[in-house]
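# Breakdown of the fold
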Amino acid sequence: MSLATVSNVVNGYRPVGEQTRRRVQRAIDELGYAPNLGARHLRRGRTGLIALAIPELNNPYFAELAGSAIREAASLGYTLVLEDTAADRDRELALTDGSRRPVIDGLIFSPGRIGRDEILARTDPTPLVLIGEGVHDVPHDHIAIDNIAASHAAVQHLVSIGRHRIAFVGAQADDRQSAHLRLRGYREALTGAGLPFEPTLVAATTQFRRVDGLRAMRDLLALDEPPDAVFGYNDLIAIGAMRAIGEAGRRIPDDIAVIGFDDIEEGRFGNPTLTTISPDKERIGRLAVRSLVARIEGRPVHPPYDVRPPFHLVPRESTLAQ
């Protein structure tokens, strides 16, 4: 049997007959052979490293998404490294200017502060895949859920349980943020339900942490007519809001129903458990890595695409009576 045949089996190339492939694989298993992936990448002029750049490493949503990406990268023979940009514009620009070209073979990027113009001005040839809602209409693969449709689902659920004064917590001044799209979906869903949009029920936050939800909810509770439901930009905001509601002696969901977004693990174990919009984080991570590796390895791929992974609403105790 030739070395070329063995190499074809090890590397998964075709054509190799099924009987031959089985014989070679049996020998590989018996010998305990494992290919040297580092040497393979070096022979092809690559490092075997890809990066995932996210704006909040300590946000459970990004941590869970990163886990999916790490697993998928490993299955394809790559090592994934994490880059926490802290949503800092200068750090995000540094990632896109090519200064890391000798280090990584490709980048999965969730922008928080740079937009379409900065991505279009990029001259670095390193393959790039975008995730999240920070940038649209650029010549790169883009993977993100439909935030407007997801927000419609959240508000419609609150309306379906009889709520009429529905607040939105987590609005942002920067219209590149996904918060802008979720707020838009919130407003459209109110209109569709025949409910008025009340600016006093929209609470802005500087960030998307638990404490931001806590502070914003305290302000909403101080209104002459507090809300009877709250839609949090994310689960962390919603969890902070629930803390403020409890401190004020209000009951969830009897007095105020709460829904979040992201379906992080913490929301499944609170008291009450948190109703949420659940994006398919596992699929987002897998798709991002697969599309990036396809471009790195020069496989035939279609033009840059805009993928919308699925989401679903998970009703729990924070909107449903226990």
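Since this is a predicted model, take the numbers as computed values, not measurements.

For the chain, the mean per-residue pLDDT works out to 87, and 84% of the residues sit at or above 70. Throughout residues 36–44 the model reports pLDDT below 50, and contacts reaching past four residues in sequence, or to other chains, amount to 11 contacts.

There is about 550 Å³ of room inside the largest pocket. As for the largest pocket, its lining consists of 34 residues, of which Pro55, Phe62, Gln177, Ser178 and Tyr233 are closest to the centre. Broken down by secondary-structure element, the contributors of at least two residues to the lining of the largest pocket are helix 4 (60–75) and helix 8 (178–192). No other element matches helix 4, which puts three residues into the lining of the largest pocket. Per-class residue counts for the lining of the largest pocket are 16 nonpolar, 12 polar and six charged.

Ile252 connects to Pro253 through a cis peptide bond whose omega is 5 degrees. Here Pro253 shows up in the loop between helix 10 (235–247) and strand 9 (257–261). Note that the residue after Asn271, namely Pro272, is joined by a cis bond; omega there is 10 degrees. Tracing the chain through its elements places Pro272 in the loop between strand 9 and strand 10 (275–279). Positive phi outside glycine occurs at Ala87, with the angle close to 50 degrees. Turning to its location among the elements, Ala87 is positioned in the loop between strand 2 (79–84) and helix 5 (89–96). For Asp262, which is not glycine, the phi torsion reads 130 degrees and is therefore positive. The topology assignment puts Asp262 in the loop between strand 9 and strand 10.

Inspection of the entire model under this criterion finds 17 salt bridges. Salt-bridge contacts for Glu198 lead to Arg165; the nearest nitrogen and oxygen are separated by 2.9 Å. Here Arg165 lies in the loop between helix 7 (147–160) and strand 6 (166–171) and Glu198 lies in the loop between helix 8 and strand 7 (202–204), a separation of 33 residues in the sequence. Taking the relative accessible area as the measure of exposure, Glu198 reaches 24% and is therefore partly exposed. Taking the relative accessible area as the measure of exposure, Arg165 reaches 16% and is therefore buried. Close ionic contact of Asp263 with Arg316 constitutes a salt bridge, the shortest N to O distance being 3.0 Å. One end of the pair, Asp263, is in the loop between strand 9 and strand 10; the other, Arg316, is in the segment after strand 12 (311–314), with 53 residues separating them in the sequence. Among the residues examined, Asp263 registers a relative accessible area of 8% and is labelled buried. For Arg316, a relative accessible area of 16% corresponds to the buried category. Each of Arg218, Arg243 and Glu247 takes part in salt bridges that share partners, so that together they form one network.

What counts and what doesn't
Residues numbered from 1 in each chain as written. Predicted model: local features only at pLDDT ≥ 70, side-chain atom pairs only at ≥ 80, totals over all residues. Heavy atoms only, no water. pLDDT = per-residue confidence, 0-100. Contact = heavy atoms within 4.5 Å. 1 Å grid on protein atoms, 1.4 Å probe; cavity = no way out; pocket = protein on both sides within 12 Å on 5 of 7 lines; lining within 4 Å. Points joined across faces, edges and corners; volume = space filled by probe spheres on them. Helix = DSSP H or I, 4+ residues; strand = E, 2+ residues; numbered from the N terminus. Nonpolar A, V, L, I, M, F, W, Y, C, P; charged D, E, K, R; others polar. Salt bridge = Lys/Arg side-chain N within 4 Å of Asp/Glu carboxyl O. Buried < 20%, exposed > 50% of the residue type's maximum accessible area, 1.4 Å probe, protein only.

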